[in-house]
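Residue-level listing of the chains:
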Amino acid sequence: MIRAWLCVVLVVLAGCGPYPRDTHDSSARARDAMRVGVSHDPPFVVVEPDGPPHGSEITRIEAFAATRDLPIDWVIDGHERLMQALVDHRLHMVVGGHGEDSPWTDVSWSRPYHVRDARGHIAERRLALPPGENAWQLEVDRHLDATRRDAP
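Since this is a predicted model, take the numbers as computed values, not measurements.

Draft legend 1. Summary view of the environment of R126. Examined against the element boundaries, R126 turns out to sit in the loop between β6 (122-125) and β7 (128-129). Sequence spacing of R126 and H114 is 12 residues, and the spatial spacing of their C-alpha atoms is 8.5 Å.

Right, here's the structure in full:
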């Protein structure tokens, strides 16, 4: 009887691993390059023809990457194509143009955070994240929570 229970315990423990997990290894893949989809959404996200994107949300993503020593690969494209690439797990996040009434229900969303608009008003924003990437989502949300007190 004890051997049977010991076998059951060993089988159960063998299936245990770190939780939460990513279904498509986003956390691990970000170590090589965090691919961030960027959609022009001034003043929060500004895309200009000759230079990297900038704006308050870009600064927030750069801070996240810097604290984890992640290189960033900015992917600039139309919002629809970026969101589809996110659903297909080809991006780690998409920034720009996400309102509360977004039609994208098959992606995950970061916790809301606050940034200032061009007139100094505080706006609530969020990042689009790939679906099913629970460890990645937790990492992003923990950073947003940790930096909440630093927000404008």
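Draft legend 2. Fine view of unusual backbone geometry. The omega angle of the peptide bond from P42 to P43 is 5°, so this bond is cis rather than trans. Along the chain, the position of P43 falls in the loop between β1 (34-38) and α3 (56-68). Positive phi outside glycine occurs at D69, with the angle close to 55°. Structurally, D69 can be placed in the loop between α3 and β2 (72-76). Exposure remark for D69: the relative accessible area of 68% places this residue in the exposed category.

Draft legend 3. How the structure looks around the side chain of S108. Within the secondary structure, S108 is located in strand β4 (residues 108-109). Not counting the four nearest positions on each side in its chain, S108 is found in contact with L127, A128, L129, P130, P131, G132 and Q137.

Draft legend 4. Looking closely at the nonpolar core. Membership of the largest hydrophobic core comes to 21 residues, with the highest contact counts inside it found for M34, M93, V95, L127, W136 and V140. Counting residues per element, the ones that place at least two in this core are β1, α3, β3 (93-95), β5 (113-116) and α5 (134-146). Per-element accounting of this core gives the leading share, four residues, to α3. Sequence-distant contacts of M93, that is, excluding residues within four places in its chain, are made with M34, R35, V36, G37, I61, F64, L86, L127, A128, L129, W136 and V140.

Draft legend 5. Examining the pairing of β1 more closely. Counted residue by residue, β1 has four buried out of five residues, so it is predominantly covered. Here β1 pairs with β2 via five bridges, running parallel. Note that in β2 the partner of M34 across the bridge is I72. Crossover handedness for the path β1 to α3 to β2: right-handed. Both β1 and β3 contribute to a ladder of three bridges, which runs parallel. Pairing of G37 across the sheet is with V94, part of β3.

Rules behind the numbers
- Residues numbered from 1 in each chain as written.
- Predicted model: local features only at pLDDT ≥ 70, side-chain atom pairs only at ≥ 80, totals over all residues.
- Heavy atoms only, no water.
- Helix = DSSP H or I, 4+ residues; strand = E, 2+ residues; numbered from the N terminus.
- Buried < 20%, exposed > 50% of the residue type's maximum accessible area, 1.4 Å probe, protein only.
- Contact = heavy atoms within 4.5 Å.
- Core = buried A, V, L, I, M, F, W, Y, C linked by side-chain atoms within 4.5 Å.
- Pairing = 2+ DSSP bridges.
- Right-handed = clockwise from strand over helix to strand, strands pointing away.

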